[in-house]
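# Examination of the molecular architecture
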Amino acid sequence: MKRTKLIFDWIFTKIQTIESSKSLNYYEIKYLSTPNEGLSIEGLKAREQREEQSLKLLENKIQNIKTIKQLYDWFYYEHQLYSAVSKIDRLSNNNQLESY
């Protein structure tokens, strides 16, 4: 949930503020998490480790993205969600695979 919150808070506040030179309060975001039911201890640990790594990478990445154009380019061309090769690599860990 930390990473999800960071992403949405960043996009809906920081990027908009930079682009418009004023705060935009058009959105009220409420965050809901789901329980970790059905995961083994190993699967949960693998998910937590992956999330921590991804959170650190994202925190570093967002320091360099200041405009909507930069956000767009990163999201559609660099972000691992849209790269087929990275999906295969990410899901090669059986413990991580269990959590999806």
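Residues numbered from 1 in each chain as written. Predicted model: local features only at pLDDT ≥ 70, side-chain atom pairs only at ≥ 80, totals over all residues. Heavy atoms only, no water.

### A look at the overall build of the protein chain
Note the threshold: Only DSSP runs of H or I covering at least 4 residues are called helices, and only runs of E covering at least 2 are called strands; the numbering of each starts at the N terminus. Buried means the residue's accessible area, taken with a 1.4 Å probe over protein chains only, is under 20% of the maximum for its type, while exposed means over 50%, and partly exposed covers the values in between. Contacts are assigned to residue pairs that have any heavy atoms within 4.5 Å of one another. Using the Shrake-Rupley algorithm and a 1.4 Å probe, accessible areas are obtained, with residue cover drawn only from the displayed protein chains.
Of the regular secondary structure elements, the protein chain holds five helices and zero strands. Here the protein chain holds 100 residues, and the buried ones make up 19% of them. In the protein chain, of all internal contacts separated by at least 6 residues, the share reaching a separation of at least 24 is 63%. As displayed, the protein chain has an accessible area near 7,900 Å², and 54% of this comes from carbon and sulfur atoms.

### Brief notes about the side chain of Arg 50
Convention followed: We count Lys and Arg on the positive side and Asp and Glu on the negative side, and we leave His and both chain ends out. Criterion for a salt bridge: a side-chain nitrogen of Lys or Arg within 4 Å of a carboxyl oxygen of Asp or Glu. Polar contact criterion, stated in full: a pair of N or O atoms within 3.5 Å, where within protein one must be able to donate a hydrogen and the other to accept it, and residues adjacent in sequence count only if both atoms are side-chain atoms.
Note on placement: Arg 50 falls in helix H2 (residues 41-62). An unpaired buried charge is present at Arg 50: no salt bridge exists, and Glu 51, the closest side chain of opposite charge, is 6.2 Å distant. Of the polar contacts made by the side chain of Arg 50, one reaches the side chain of Ser 54; its length is 2.6 Å.

### Brief notes about the pattern of salt bridges
Enumeration over the complete set of coordinates arrives at four salt bridges. Across the salt bridge formed by Glu 51 and Arg 3, the nearest N and O atoms sit 2.6 Å from each other. With a gap of 48 residues between them, Glu 51 in helix H2 and Arg 3 in helix H1 (residues 2-20) connect regions that are remote in the sequence. Assessed through its relative accessible area of 24%, Glu 51 is described here as partly exposed. Measuring nitrogen to oxygen at the nearest pair gives 2.8 Å for the salt bridge that ties Lys 69 to Asp 73. Of this pair, Lys 69 and Asp 73 both sit in helix H3 (residues 68-78), four residues apart, which is roughly one turn of that helix.

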